[in-house]
Protein chains: 2
Amino acid sequence: MNNLISIKSATLSEDIAQQLTNAIVQGQIPQGSKISEPELAKQYGVSRGPLREAIVKLEGLGLVTRTANVGARVIELNTQDMLDTFTMREALEGMAARLAASKMPSDEINNLYALLDKHQAHLDANQDEHYVQQGGNDDFHLRIIHASGNAKLIRLLTEELYAVIRMYRRHTADQRSDPRQALREHKAILDAIANHEGDLAELLMRRHISRASRLLKQAMEHSAIASRT
Amino acid sequence: MNNLISIKSATLSEDIAQQLTNAIVQGQIPQGSKISEPELAKQYGVSRGPLREAIVKLEGLGLVTRTANVGARVIELNTQDMLDTFTMREALEGMAARLAASKMPSDEINNLYALLDKHQAHLDANQDEHYVQQGGNDDFHLRIIHASGNAKLIRLLTEELYAVIRMYRRHTADQRSDPRQALREHKAILDAIANHEGDLAELLMRRHISRASRLLKQAMEHSAIASRT
DNA sequence: ACTAGCAATATTGTTAACAATAAAGTATTT
DNA sequence: AAATACTTTATTGTTAACAATATTGCTAGT
């Protein structure tokens, strides 16, 4: 069951943390469910020590909440928390776009234009398929974040907040997102960056995320996730 | 030695994490020093289990860095990391000020005006003493952050990033900060919030933090901290 | 004298047993 | 029959011993 992606990390604890993160983000461990230490330890074939360390890490990532002498539970997605999280994203990725506009080397800008062309081609080819934000190295947002050159910002967005964001994206399946509109916005942001217009880049990135957040909100309110409370 | 503030938490791990955080922020455990598990365990009178959990938490707070099979080291403050951190603060606290401008109830606004008056009185009384940003409930910034009403933002700023920010503040002693100027800026920010001018509040908060960051940079470059590398 | 390889030591990672707290179930009382 | 107190059970928190890795110090060779 766990032979999906079994990356041998340097330490068991890291390995388990990674696997647990994926399992939670992908919904294999359902929202609100209790994390039983003995059960999971047996399931992953480790002792409770490394498993507990992993749980502490997940708590830091905001994927589980722990209460003393009771245990850990997987968080439950709800509209308010999503809105709060995306407001933070607005602030942080907006700043990332601003920084990128002043620092991004021209060859990387060209790479990004090429990436957007690739996305465009993909959209033209697969007419109806809803163009998922892939989350890999082809993710426009990740590229902008890295281009900010701010190590702390990069770590916060790509390591600490990213898991939760991915969770929201995945569980709502981005049904109503309009991929062509998103791509247009990406292009506008990149144009601003290419022209070294930091103010504009920040503004556009904020609007882009704000719009995504509104769409997600609608999707959540009309889906089972909201009513699962 | 540790009877300074020995808060009995529900669990040993939390307790140790709190004590270690304070010890690092206040410099009792020096920057760059190695965290020896056996040593600290003996010192705090606990076994290595809870201590390790505490270290994992501190890693999440960015106070220590860990490498597998080698151990944990206290971070070393340096100018670049400080600038990166304060850039994030600009984005996040700027957003907090914007949100506060749209949400803050009028009685809390009055409370804050009273607080600033108190700060003013304190400055008038103690002419030369450099008005430390106290970090308690009297801290203007904390009040604005809480007024944002964004639970995720509050947690991030006051629980995850705050320890490191306090560390920078303390280790540079804010020598060159001009408390009267800072107070004027606080008043301007509060005015904007009182008038529900979100854009302005955000702009002013960003400038305020940016200025503090420039001053800190100067202080660090002319102090022993920068040369300790 | 300096470098390279090896042995010894100490530290971290992991495990399993023990203690303490909370949850569940049962019995007893009103 | 319902509610409360108590007992039992299971889970979390903690400890101490064991395994594995990295560092240190020594020896030998050039």
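Source: prediction; values computed, not measured.

*Asks:* Help me understand the packing of aromatic side chains, please; the structure alone is not making it clear to me.
*Replies:* Centre-to-centre distance and the angle between the planes together describe a pair of aromatic rings. Within the structure shown, the criterion is met by 0 aromatic pairs over all chains. Over the ring of Phe86(A) we find Arg89(A); its NZ or CZ atom is 5.0 Å from the centre of that ring.

*Asks:* Can you help me understand helix H9 (residues 179-194) of chain A in this one?
*Replies:* Residues and elements named next belong to chain A. Over its 16 residues, H9 extends 22 Å from the first C-alpha to the last, a length consistent with the 22 Å expected when each residue adds 1.5 Å. Every buried residue belonging to H9 is among Pro179, Ala182, Leu183, Glu185, His186, Ile189, Leu190, Ala192 and Ile193, and all of these are buried. In this structure, the buried side of H9 is in contact with helix H4 (79-103), helix H5 (106-125), helix H6 (140-147) and helix H10 (198-221). Sitting at the head of H9, Asp178 places a side-chain oxygen 3.1 Å from the backbone nitrogen of Arg180. His196 sits one or two residues past H9 and shows a positive phi near 60°.

*Asks:* Mind showing me how you'd approach the relation of the copies chain B and chain A here?
*Replies:* Note that the two copies of the chain are related through a rotation about an axis and a translation along the same axis. Each copy of the sequence occupies a distinct position, and chain B is placed on chain A by a rotation of 180° and an axial shift of 0.0 Å, giving an RMSD of 0.1 Å. In short, the pair behaves as if placed about a two-fold rotation axis. The rotation axis passes nearest to the C-alpha of Ala91(B) in chain B, at a distance of 2.6 Å.

*Asks:* What is the right way to look at the interface of chain B and chain A in this model?
*Replies:* By a frequent convention, interface size equals the accessible area lost on bringing the separate parts together. With 32 residues of chain B at the interface, the matching set in chain A holds 32 residues. Taken together, both faces of the contact between chain B and chain A bury some 2,600 Å²; the carbon and sulfur share is 57%. Taken as a group, Glu53(B), Met88(B) and Lys152(B) account for 21% of the area that chain B buries against chain A, more than any other trio of residues on that side. On inspection of chain B and its partner chain A, the count reaches 8 salt bridges. Close ionic contact of Asp81(A) with Lys152(B) constitutes a salt bridge, the shortest N to O distance being 3.9 Å. The tally of links from chain B across to chain A stands at 10 residue pairs in polar contact (both at pLDDT 80 or more). If you list the elements that add at least two residues to the side of chain B that touches chain A, you get helix H3 (48-61), helix H4 (79-103), helix H7 (151-160) and helix H10 (198-221) of chain B.

*Asks:* What is the right way to read the environment of Gln218(B) from this model?
*Replies:* By the secondary structure assignment, Gln218(B) is in helix H10. For the pair formed by Gln218(B) and Glu185(B), sequence separation is 33 residues and the distance between their alpha carbons is 20 Å.

*Asks:* Help me understand the UniProt feature "domain: HTH gntR-type" (unreviewed entry) in chain A in this model?
*Replies:* Per the UniProt entry, the sites bearing "domain: HTH gntR-type" (unreviewed entry) are residues 10-77 of chain A in this numbering. The span residues 10-77 of chain A shows a helical share of 53% and a strand share of 15%, and its end C-alpha atoms are spaced 32 Å apart.

The rules behind each value
- Within every chain, residues take consecutive numbers counted from 1 along the sequence as written.
- Key to labels: chains lettered from A, ligands numbered from 1, both in the order written.
- Predicted model: local features are reported for residues with pLDDT of at least 70 only, side-chain atom pairs are reported and counted for 80 or more only, and whole-chain, interface and lining totals are derived from all residues.
- The basis for every side-chain value is the complete set of heavy atoms in the structure, and neither hydrogens nor water enter the calculation.
- Here the aromatic set is Phe, Tyr and Trp, taking the six-membered ring for Trp, and pairing holds for ring centres within 6.5 Å; pairs whose planes are under 30 degrees apart are stacked, those over 60 apart are edge-to-face, and all others are tilted.
- Two conditions define a charge located above a ring, namely a distance within 6 Å from the ring centre to NZ of Lys or CZ of Arg, and an angle within 35 degrees of the ring normal.
- The helix and strand labels rest on DSSP assignments: H or I over at least four residues marks a helix, E over at least two residues marks a strand, and numbering proceeds from the N terminus.
- In this analysis, the expected span of each helix is defined as 1.5 Å times one less than the number of residues it contains.
- Throughout, exposure labels follow a simple rule: accessible area from a 1.4 Å probe, protein chains only, divided by the maximum for the residue type, with under 20% read as buried, over 50% as exposed, and the rest as partly exposed.
- Working rule for contacts: check all heavy atoms of both residues, and any pair within 4.5 Å makes them a contact.
- Polar contacts, as used here, are pairs of N or O atoms within 3.5 Å; protein pairs need one atom able to donate a hydrogen and one able to accept it. Residues neighboring in sequence count only if both atoms are side-chain atoms.
- Superposing the copies works by least squares over the C-alpha atoms of residues that have pLDDT at least 70 in both of them.
- As a working definition, buried area equals the accessible area (1.4 Å probe) given up by two parts on being put together, with both sides summed.
- The rule for a salt bridge is simple: a side-chain nitrogen of Lys or Arg has to be within 4 Å of a carboxyl oxygen of Asp or Glu.
- UniProt positions are given in the numbering used here, feature names are shortened, and annotations may be inferred rather than shown by experiment.

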